[in-house]
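# Geometric and topological summary
Spelled out from the first residue to the last, the chains are:
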Amino acid sequence: MSIARHILLFLVLLISVNGFSQQIARVKGRITNEDGVPQETVYVSIYGMPYGTASDSLGNYNLKVPANVTFTVVYKSLGFKPQPVKFEPMLPGTEISKNIVLVVASFSLPPIDITEEILKFEAVHYTKVDPKYAYNIPAPSGSGVTELVKRIGLGTSGNNELSSQYNVRGGNYDENLVYVNGVEIYRPFLVRSGQQEGLSFPNSDLIEDISFSAGGFEAKYGDKMSSVLDIRYKKPVEFKGSAAFSLLGGSMHLEGTTMHGRLAYLIGVRQKSNQYLLKSLETKGAYRPSFSDVQTFLTYTMTETWDLSFLGNFSRNVFRMVPETRQTDFGTIKEALRLTIYFDGQEADAFRTLSGALISDHNPNKNLNLKFILSAFHSVESETFDIMGQYRIDQLENDMGKDEFGDVAFNRGIGTFLNHARNSLDAYVANASHKGTYIKGKSTLSWGARFQYEDILDKLDEWQMIDSAGYTLPIQVDSPGYVNPGLQEYQLLEMQNVVKTTQSLISYRTDGYFQNTWDFVRDSSHSSLCAGIRANYWNQNNQITVSPRLIYSYKPRWKKPYIFRASAGFYHQPPFYRELRNMDGNLNFDLKAQESIHFVLGAEHQLRIWGRPFKYVTEIYYKYLDNLVPYEIDNVRIRYYAENSARGYATGIDMKLNGEFVKGIESWVSMSFMNTMEDIKDDFYYDYFNQDGERIIPGYTFDRVAVDSIRYEPGYIPRPTDQRLNFSLFFQDYLPKNPNFKMHLNLVYGTSLPFGPPSFERHKDTLRIPSYRRVDIGFSAQLLSEDKKLPEKNPLRFFKTIWLSLEVFNLLQVNNTISYLWVKDVTDRQYAIPNYLTPRQLNAKIVFNF
């Protein structure tokens, strides 16, 4: 609470006491929740009076009340139903004891409490978050769940508000595992920009629980090198529903039971269009994006110990664009430039995915659980575009004393580029798996096995042509003024970045795991040890990988609660289709699994600041990386070199503090320092020099005849995800006397990421994109609460709650860069023109719960 609030509360109480100090009585007591836990900071006031008090850390309160009159005391606390209690007249100087039990309110947008009064001991630490929180966080991507992961998860980052992809501790998005109810989730393969990406799989309306680990996770989770996101969908027990509408789309969900409670159903429908956001980009034109999906989770109770579930999803993401013009100013004060492009052509992309899973969950007895899962994923994708851009590069007047400051001074070059693609992909993945858990005393044994079949057909046909000042680049050797055409050498028209191939892959892989967790409880401490091992085999490269993992947790019985953890293990990532395909579209079937060895030390501490609960979590880690497959990132497209040609490391420290920065509502702040580097084996390059000793740089050096050269070996260079510092703050506040009006602030800062020219030479990717800086803010108001009774003729009486939100994206209007457009002039000089993300935009949203 701010100083101003303290002063205001003091003045109000002072005036109130003077007003009836001669005729007062007292009401006191203890306030608890339904579980008997004392409730702190419950606001206790007399209805209609501008004063009150609050309960202390033990739940006790003491309120002065007027004597000789009937009055009503109201007990209010965020997350609970307001509770009015009527009192009969009391004699002056008397007091009465009244204990109160608060009942949890069913809000659609409640705050969550990540921090608990008692630091719970868990054998393995995962960040757990209430998914309802996803409604509050301002997210232009429309995916509140993945935005939560970016901001709450240790070591996570994401520098593209149009995308749901995130990086974890130096890894790319392909190194992250995502599960929903034990089923591994796949994503489309051909997506190359956040504009095309559409909806991520997790549906906030359907989620019961979210668990996330940034490294050092158990053997039961699959074969990826960076992180695991484990999501569990609800099993409803009563009928509920919701509907949400915004300028970016809408969603609706229904849940309930039927057949006398034996069949629980969960259905969600979403529609998203980021046309409103895309119209604000520098490339003007007609954008026609349409992203929709339908998900269902059905659970049928066969017997008291056996459930049969079905998880289904159909998504259709369509992106159409007819670009018209673009104008971008770039460069420096000394060399201010402007790129102007006039477009012809269009782009049409479609991504259709269908997935389903049948899950048998059987508990023969209270200690044994057996699961059998059959699942399939099918994706049909197409990417087609023919876009011609006629561009000019102009020098701007940079003399601030001239009237023409900022206008075009002279032209630096003109040209034309033509981008063409006819790409398609048809992928089918099916698997059958078994998982089991057996508990005996303080020991938990887990095991699992899976067989997976993959069938992928990929057709690539794309190229680029650049024409600068009438010359097609690269410039062909010619003999101007020739007389006899028959004596001239025949020359082909050369295109750039040509990829034309058809690839097919049919393969299978098997994997399994075995792990055990021992729990040790002593008078002075509580500890646990989790040891496990994974194995994986893929028939294409005939490689067997074995990944042992170990996790130890220790909680001493100190006066101040602490938990310490240490983990180490091998994390192999066998290649999937995307890693197999090189820059030319060819597949390397001999590619081996990438390898990461994790060493993680962490601690959790429960503390109190300003008399309120907080939780501090920190982890320090080192990851040794070997058999790496180098890659480059353009927007969200990851392109691999398809060779195990690098080794590297990632090291850093993650810190997060969360708690009640404002009483009764959760906020958090996190900071990460990280460095990830790689050394490509046997790589080198030459610098060439002319007779004047000048290093030859295309587009800059006049004399390009090389007479000398020097060989360089780059050694360790930054990996594409090398972001040294990442800071995020999510802060919430509310009106003191009306907590139904809330504010949600999301602040993100990430230092620069590496990039380089499109030459597919990794040693050149040491330039840096400007730092990512963004502030999003949202305001929400509860228009209808569950305890408010409406007249029978009011059409809103069928709704439990109604929330209205207003969001401001990119509040500070920062031009964040996601990638670069590279153009050349006739001298072969390259210009990197930044592709900016979205500017400041408004969004309105309304949510109905019934």
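What follows concerns the sheet that holds strand E12 (residues 176-180). Pairing within the open sheet is mixed, and its five strands lie in the order E9-E14-E15-E12-E13. Two strands close off the open sheet at either side, each with one partner strand: strand E9 (127-129) and strand E13 (183-184). Bridge count for E9 against strand E14 (residues 207-213) is three bridges, and the pairing is antiparallel. Within the sheet, the bridge partner assigned to threonine 127 lies in E14 and is phenylalanine 212.

Okay, helix H2 (residues 144-152) next. Within H2, nine of the nine residues are buried, which leaves the element mostly enclosed by the surrounding structure. Residues of H2 that are buried include every one of Gly144, Val145, Thr146, Glu147, Leu148, Val149, Lys150, Arg151 and Ile152, and no others.

As a further point, take the pairing of strand E17 (residues 249-258). In terms of strand pairing, strand E16 (residues 240-246) meets E17 through seven bridges, oriented antiparallel. Considered in E17, the bridge of phenylalanine 245 is made with glycine 250. Hairpin connection of E16 to E17: two residues between the antiparallel strands. The antiparallel pairing of E17 with strand E18 (residues 263-272) creates a hairpin that spans four residues between the two strands, and methionine 259 there sits at a positive phi of about 55°.

We now examine the nonpolar core. Counting residues in hydrophobic clusters, the biggest one holds 32 residues, and the most contacted among them are Leu148, Tyr166, Leu229 and Tyr233. Every element with two or more residues in this core is listed here: H2, E12, E14, strand E15 (227-233) and strand E21 (336-365). Of the residues forming this core, the biggest block, four residues, is contributed by H2. Ignoring any residue separated from it by four or fewer positions in sequence, one finds tyrosine 233 in contact with Val180, Asn181, Phe201, Pro202, Asn203, Leu206, Ile207, Glu208, Leu266, Gln295, Phe297 and Leu311. Of all hydrophobic cores here, the second largest spans 29 residues; its members include Phe319, Phe330, Leu337 and Tyr391.

Taken in spatial order, the four strands line up as E3-E2-E5-E6 in an open sheet, and their pairing is antiparallel. Each end of this open sheet is capped by a strand with a single partner; those strands are strand E3 (52-54) and strand E6 (83-87). Strand-to-strand, the axes of this sheet are offset by a mean angle of 20°, without reference to chain direction. Note: strand E2 (residues 43-46) against E3, three bridges, orientation antiparallel. Looking at the pairing, tyrosine 43 lines up with alanine 54 of E3.

Take the confidence of the model for the protein next. Averaged over all residues, the pLDDT of the protein is 85; the fraction at 70 or higher stands at 90%. Confidence drops under a pLDDT of 50 for residues 1-22, and excluding neighbours within four residues, the segment shows 16 contacts in the predicted structure. When the criterion is pLDDT under 50, residues 106-118 qualifies, and its contacts beyond four places in sequence or with other chains add up to 43 contacts.

What follows covers the side chain of serine 752. Tracing the backbone through its elements, the reader meets serine 752 in the loop between strand E40 (738-750) and strand E41 (754-755). Setting aside anything within four residues of it in sequence, one finds serine 752 in contact with Asp722, Gln723, Arg768, Ile769, Pro770 and Ser771.

In a structure, side chains of opposite charge can pair up when their charged atoms sit close to one another. According to the stated counting rule, one finds 40 salt bridges in the structure shown. One salt bridge in this structure joins arginine 270 and aspartate 293, with 2.6 Å as the shortest N-O distance. Residue arginine 270 is located in strand E18, and its partner aspartate 293 is located in strand E19 (residues 283-303); the two are separated by 23 residues in the primary sequence. Salt bridges here are not isolated pairs; linked through shared partners, they connect Glu184, Asp223, Arg450, Asp511 and Arg534.

Let's shift gears to the side chain of serine 672. Tracing the sequence through the fold places serine 672 in strand E35 (residues 665-680). Within polar-contact distance, the side chain of serine 672 engages the side chain of aspartate 654 at 2.8 Å. Residue contacts for serine 672: discarding those within four places in its chain leaves Gly155, Ile653, Asp654, Arg724, Leu725 and Asn726.

Rules behind the numbers
- Residues numbered from 1 in each chain as written.
- Predicted model: local features only at pLDDT ≥ 70, side-chain atom pairs only at ≥ 80, totals over all residues.
- Heavy atoms only, no water.
- Pairing = 2+ DSSP bridges.
- Helix = DSSP H or I, 4+ residues; strand = E, 2+ residues; numbered from the N terminus.
- Buried < 20%, exposed > 50% of the residue type's maximum accessible area, 1.4 Å probe, protein only.
- Core = buried A, V, L, I, M, F, W, Y, C linked by side-chain atoms within 4.5 Å.
- Contact = heavy atoms within 4.5 Å.
- Axes fitted to C-alpha atoms, helices over the stretch in contact; angles between N-to-C directions.
- pLDDT = per-residue confidence, 0-100.
- Salt bridge = Lys/Arg side-chain N within 4 Å of Asp/Glu carboxyl O.
- Polar contact = N/O pair within 3.5 Å; in protein donor to acceptor, adjacent residues only side chain to side chain.

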